[in-house]
Amino acid sequence: MFQQRLTKRGVPLKGLTYSTVETALGGTARQRITMQQGIPVEKAREIVKVIKNSKKKVQASIQGDLVRVSGKDRDALQEIMGLLRQQDFGIDMQFTNYRSN
């Protein structure tokens, strides 16, 4: 039921991390679910490695919980976005701050 409500609100389910199910009072169960905020450092390193292996003329850098990709050509940035969408990193990725010149 919780997942259905999140789906209706447009929240991606890949961003959820589930803990073990615990028994609670009255024969009920309890489970802690945390939402992903930002990109973990090890996943960010994997993303940067994939971008560098693509041999495109873009620069990727890790800035806190973000991966920033910069380049002169808009087509190269779009190709990188497509490449990252094809890969499965096990996390939800959103592409923001895209130049619209």
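See the structure shown above.
Parameters and conventions
- Residues numbered from 1 in each chain as written.
- Predicted model: local features only at pLDDT ≥ 70, side-chain atom pairs only at ≥ 80, totals over all residues.
- Heavy atoms only, no water.
- Helix = DSSP H or I, 4+ residues; strand = E, 2+ residues; numbered from the N terminus.
- Buried < 20%, exposed > 50% of the residue type's maximum accessible area, 1.4 Å probe, protein only.
- Contact = heavy atoms within 4.5 Å.
- Areas by Shrake-Rupley, 256 points an atom, 1.4 Å probe, with all protein chains shown as cover.
- Lys, Arg positive; Asp, Glu negative; His and termini not counted.
- Charge placed at Lys NZ, Arg CZ, Asp CG, Glu CD.
- Expected span 1.5 Å × (residues − 1).
- Axes fitted to C-alpha atoms, helices over the stretch in contact; angles between N-to-C directions.
- Parallel < 35°, antiparallel > 145°, perpendicular 65-115°, else oblique.
- Left-handed = near helix turned anticlockwise from the far one by under 90°.

Caption draft 1: The overall build of the protein chain, seen in detail. Counting secondary structure elements, the protein chain contains three helices and four strands. Sequence-ordered secondary structure for the protein chain, helices as α and strands as β, is α-β-β-α-β-β-α. In terms of its C-alpha atoms, the protein chain occupies a principal-axis envelope of roughly 60 × 25 × 20 Å. Within the protein chain, the fraction of its 101 residues that count as buried is 18%. Relative to all contacts within the protein chain whose residues are 6 or more apart in sequence, the contacts with residues 24 or more apart total 36%. Carbon and sulfur atoms provide 49% of the accessible area of the protein chain, an area that totals close to 8200 Å². One way to put it: in the protein chain the 18 positive side-chain charges average out to a point 3 Å from where the 9 negative ones average out.

Caption draft 2: Quick peek at unusual backbone geometry. Phi is positive for lysine 55, which is not a glycine, with a value near 65 degrees. For lysine 55, the location among the structural elements is in the loop between helix H2 (41-53) and strand S3 (59-63).

Caption draft 3: Layout of helix H3 (residues 74-86). Given a rise of 1.5 Å per residue, 13 residues ought to cover 18 Å, and the 19 Å separating the end C-alpha atoms of H3 matches this to within 8%. Packed against the buried residues of H3 are H2 and strand S4 (66-70).

Caption draft 4: Molecular detail of the packing of H2 against H3. One way to put it is that H2 packs onto H3 with a least axis distance of 11 Å and a crossing angle of 125 degrees. Regarding the angle of H2 to H3, the classification is oblique. Our pair here, H2 against H3, has a crossing hand that is right-handed. Listed contacts from H3 to Ile47, Val50 and Ile51 of H2 are Ile80, Leu83 and Leu84.

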